[in-house]
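These are the residues of each chain, in order.
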Amino acid sequence: MYPGGALKEDIYYFAKERAKCDDSASWEARRLDRKQTERRTHFLHTLSKRIVSACKQRSVGTIVIGDLGGIRDDENGDARNWGDHGNLDLHGWAFDRFTSMLEYKAEDEGIEVVRKSERDTSKTCSSCGTKDGNQRIERGLYVCDDCGTVANADVNGAENIRRKVLPNLATDGGRDRDNGWMAQPAVHLFDRSEGSFAPREQGSNREP
Ligand SMILES: [Zn+2]
């Protein structure tokens, strides 16, 4: 998982800094706008590059991405409540930008990118496929009373999106998948000082 927290922090930080400017057209306000845009662009490039390189390493042939079709900013320019969408707290246009970056980087590596509707993906159990209301989300965990699955809610949603395109790929027992990976996925945080992603456990096990 690659949390977008750094982007969110920037949104708050730059809003606060801009509020200190007397005039939104001032040199300083425009400088802040440019800086925020640069940082967002860098984040999205770094993330898409990182994902494509991880996929290349694992000989992934197809990346399936949730299509947020219809989810767009409202008339005030604020992001609508993304509800089910969990951590991917990006405005619609930023997500479009990220998706196209991912698509052209993947294409360079011969990896296909398929967009798929996210409809029902947060409510369905990715292990047993049921969607009868005996599932719930508690503190970011998806819990299925039918089969006992406990999964990170975002991972459960991602698995469901993937299954729409690649239904026969095993969800467990894969060679590089530990038990419990659905409940506790590896998390890579964006390190501002280095401008790159690193595993949450800092130190010697940093990935190349
Ligand atoms: Zn289940």
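Residues numbered from 1 in each chain as written. Predicted model: local features only at pLDDT ≥ 70, side-chain atom pairs only at ≥ 80, totals over all residues. Heavy atoms only, no water.

1. Some points on the pairing of strand β6 (residues 188-191)
Logical step 1: Where β6 and strand β7 (residues 196-199) come together, four bridges link them in antiparallel fashion. Within β7, the residue paired with L189 across the bridge is A198.
Logical step 2: Turn length for the β6-β7 hairpin, with the two strands adjacent in sequence and antiparallel, is four residues, and the turn residue G195 shows positive phi of about 65 degrees. (Pairing = 2+ DSSP bridges. Helix = DSSP H or I, 4+ residues; strand = E, 2+ residues; numbered from the N terminus.)

2. Section: the sheet that holds strand β3 (residues 135-138)
Logical step 1: Taken together, the three strands give an open sheet; going across it, the order is β3-β4-β5, and neighbouring strands pair in antiparallel fashion. Where the open sheet ends on each side, the last strands, each with one partner, are β3 and β5 (150-152). Taken over all neighbouring pairs, the strand axes of this sheet differ in orientation by 25 degrees on average, direction set aside.
Logical step 2: Here β3 pairs with strand β4 (residues 141-144) via four bridges, running antiparallel. Within β4, the residue paired with Q135 across the bridge is C144.
Logical step 3: Its contacts with the sheet place helix α4 (residues 153-165) against β3, β4 and β5, and it is angled at close to 90 degrees to β5. (Axes fitted to C-alpha atoms, helices over the stretch in contact; angles between N-to-C directions. Contact = heavy atoms within 4.5 Å.)

3. Let's talk about α4
Logical step 1: A rise of 1.5 Å per residue sets the reference length of α4, with its 13 residues, at 18 Å; its end C-alpha atoms lie 19 Å apart and thus fit the reference within 8%.
Logical step 2: Within the span of α4, buried status applies to A153, V155, N156, G157, E159, N160, I161 and R162.
Logical step 3: Tucked inside the fold, the buried residues of α4 contact β1 (62-67), β2 (112-117), β3, β4 and β5.
Logical step 4: The N-terminus of α4 is capped by N152, whose side-chain oxygen sits 2.8 Å from the backbone nitrogen of D154. (Expected span 1.5 Å × (residues − 1). Buried < 20%, exposed > 50% of the residue type's maximum accessible area, 1.4 Å probe, protein only. Polar contact = N/O pair within 3.5 Å; in protein donor to acceptor, adjacent residues only side chain to side chain.)

4. Topic: the pattern of salt bridges
Logical step 1: Applying the stated criterion to the full structure yields twelve salt bridges.
Logical step 2: For the salt bridge of R115 with E103, the shortest nitrogen-to-oxygen distance reads 3.0 Å. Residue R115 is found in strand β2, and its partner E103 is found in helix α3 (residues 92-108); the two are separated by twelve residues along the sequence.
Logical step 3: As a salt-bridge pair, D145 and R136 come within 3.0 Å of each other at their nearest N and O atoms.
Logical step 4: Residue R136 is classed as partly exposed on the basis of its relative accessible area of 35%.
Logical step 5: When salt bridges with common partners are traced through the structure, they connect E9, D10, R39 and R192 into a single cluster. (Salt bridge = Lys/Arg side-chain N within 4 Å of Asp/Glu carboxyl O.)

5. Side note on the nonpolar core
Logical step 1: In terms of nonpolar packing, the biggest core is built from 18 residues, with F43 and I63 touching the most fellow members.
Logical step 2: Mapped onto this core, the elements with two or more residues apiece are α1 (5-19), α2 (27-57), β1 and α3.
Logical step 3: The contact partners of F43, leaving out residues within four places of it in the chain, are P3, G4, A6, L7, F190 and F197. (Core = buried A, V, L, I, M, F, W, Y, C linked by side-chain atoms within 4.5 Å.)

6. Describing the confidence of the model for the protein
Interpretation of the predicted coordinates at a detailed level should be avoided for regions scoring low in pLDDT.
Logical step 1: Here the protein averages 80 in pLDDT, and 79% of its residues register 70 or above.
Logical step 2: Element-level mean pLDDT values for the protein span from 83 in β3 up to 94 in α2.
Logical step 3: Across residues 202-208, where pLDDT falls below 50, the model places eight contacts with residues more than four positions away in sequence or in other chains. (pLDDT = per-residue confidence, 0-100.)

7. Examining the coordination of the zinc ion
Logical step 1: Around the zinc ion, the donor atoms from the protein are C125 (SG), C128 (SG), C144 (SG) and C147 (SG), and they sit 2.3 Å away.
Logical step 2: With four donor atoms in place around the zinc ion and angles of 107 to 113 degrees between them, the coordination shape is tetrahedral. (Donors = N, O, S within 2.8 Å, 3.2 Å for Na, K, Ca; no water. Tetrahedral: all angles 85-135°; square planar, octahedral: opposite > 155°, others 65-115°.)

8. Quick look at the packing of aromatic side chains
Working definition: an aromatic ring pair is given by the centre-to-centre distance plus the angle between the planes.
Logical step 1: Summed over the entire model, instances satisfying the criterion amount to six aromatic pairs.
Logical step 2: Their ring planes at 65 degrees and their centres at 5.0 Å tell us that F43 and F190 sit as a pair that is edge-to-face. A residue pair is termed long-range when its members are at least 10 positions apart, and F43 in helix α2 and F190 in strand β6 qualify at 147 residues.
Logical step 3: In this structure an aromatic cluster arises from ring pairing among Y2, F43, F190 and F197. (Phe/Tyr/Trp six-rings, centres within 6.5 Å; stacked < 30°, edge-to-face > 60°.)

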